[in-house]
Amino acid sequence: MRQITFREALREAMSEEMRRDESVFLMGEEVAEYNGAYKVSQGMLAEFGPKRVIDTPIAELGFAAIGVGAAQNGLRPVVEFMTWNFAVLALDQILNTASKMLAMSGGQITCPIVFRGPNGSAGQLGAQHSTAFEALYANIPGLKVVSVSNPYDAKGLLKQAIRYEEDPVVFMESELMYGDKGEVPEEEYYIPLGKADVKRQGNDVTIVSFNKMMKVALGAAAELEKENISAEVIDLRSIRPLDWMTVLESVKKTNRLVIIEEEWPYASVSSELSYRIQKEGFDYLDAPIRRMTAADAPLHYAPNLVAAALPDVPRTVKLVKEVLYLKK
């Protein structure tokens, strides 16, 4: 194992698959000459050339359409959005073409494309650049949605998406984690989509999260351990397909569930997961399922309002204690 950054893990995943398969290419704003807005694609233009690492105009709908068309004609594009907040401009291609073509063609035309880039808040960027989109895209049949929290998962899941998935994959990262370091194997590996991962074993309560909110979940578990409260922490990793069975097996052991996510509360990932667990695991629950989401409002610029709007460790600890019926 070796320590590499999140951005290096993503770069390795793309580069390894591009070396293996000439049909794989990368396109997006500033991915080539500038080495990527977040330096994820640093050095890739020099290795693969301008026909496979392609700078695009600031026209998300246009270059997403080129990627979708290329995927339907035998290539395997990776389309980088500078942020998923900008990808709403390309939603017509993602929703009305990429996700539906397999069904509309009677199974004759696949669309093996990966759309990737940072998602959610990155601090003081204002309301139009701070939205988390997992639930929106997971609500679209025909798409697979991945939201990663560490370099190991990022590399394994991205390689899987590029190499093996014949459906379009929405791959969500975080600007705030590109510099995070983690252990990644020297040897090649792939992680199947649709498999949650138990990041920490525990017996008293199950905490579920994904993407950068995993830092909140794990931080809360560490604080709770100081008070002899044992929290099991699960990283969903894949939002669609959703591995709710792993969560259910944990709830059978802990009998309590808390879900932490960055999205707005209405029709969120926690809404779907809560429904699944109460439907299939009601008899195992000793307390109502609780969740913490972003505030049900646009995220403001002021740092105190950002802090108030997003989940944090102290409020997560408080919520877990409520689920355990401990004194606040």
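Structural notes, computed from the coordinates. (Residues numbered from 1 in each chain as written. Predicted model: local features only at pLDDT ≥ 70, side-chain atom pairs only at ≥ 80, totals over all residues. Heavy atoms only, no water.)

1. Some thoughts on the packing of helix 8 (residues 213–225) against helix 12 (residues 313–323)
Right, so step 1: Packing of helix 8 against helix 12 leaves a shortest axis separation of 9 Å and a crossing angle of 60 degrees. Taken together, the axes of helix 8 and helix 12 are oblique relative to one another. Note that helix 8 runs across helix 12; the crossing there is right-handed. Residues Val216, Gly219, Ala220, Glu223 and Leu224 of helix 8 lie in contact with helix 12, whose contacting residues are Val313, Thr316, Val317 and Val320. (Axes fitted to C-alpha atoms, helices over the stretch in contact; angles between N-to-C directions. Helix = DSSP H or I, 4+ residues; strand = E, 2+ residues; numbered from the N terminus. Parallel < 35°, antiparallel > 145°, perpendicular 65-115°, else oblique. Left-handed = near helix turned anticlockwise from the far one by under 90°. Contact = heavy atoms within 4.5 Å.)

2. Some points on the side chain of arginine 76
Right, so step 1: Position of arginine 76 relative to the elements: it lies in strand 4 (residues 76–80).
Right, so step 2: Looking at arginine 76, its side chain comes within polar contact range of the main-chain oxygen of arginine 163, at 3.3 Å.
Right, so step 3: Only 2.8 Å separates the side chain of arginine 76 from the backbone oxygen of glutamate 165, close enough to count as a polar contact.
Right, so step 4: With near-sequence residues (within four places) excluded, arginine 76 lies in contact with Asp21, Ser23, Val24, Phe25, Pro112, Ile162, Arg163, Tyr164, Glu165 and Glu166. (Polar contact = N/O pair within 3.5 Å; in protein donor to acceptor, adjacent residues only side chain to side chain.)

3. Observations regarding the pattern of salt bridges
Right, so step 1: Inspection of the entire model under this criterion finds 30 salt bridges.
Right, so step 2: Among the salt bridges present, the one from glutamate 225 reaches arginine 200, with a minimum N-O distance of 2.8 Å. In this pair, glutamate 225 is assigned in helix 8 and arginine 200 in strand 9 (residues 197–200), connecting sequence segments 25 residues apart.
Right, so step 3: Judged by its relative accessible area of 23%, arginine 200 is partly exposed.
Right, so step 4: Three or more residues are tied together by salt bridges with common partners; here these are Arg2, Glu12, Glu16, Glu17, Arg20, Asp21, Lys155, Lys159, Glu186 and Glu188. (Salt bridge = Lys/Arg side-chain N within 4 Å of Asp/Glu carboxyl O. Buried < 20%, exposed > 50% of the residue type's maximum accessible area, 1.4 Å probe, protein only.)

4. Some thoughts on the environment of alanine 294
Right, so step 1: The topology assignment puts alanine 294 in the loop between strand 14 (290–292) and helix 11 (303–309).
Right, so step 2: Judged by its relative accessible area of 8%, alanine 294 is buried.
Right, so step 3: Separated by 15 residues in sequence, alanine 294 and alanine 309 place their C-alpha atoms 5.4 Å apart.

Note that every value here comes from positions in space, so none of it alone points to a role or purpose.
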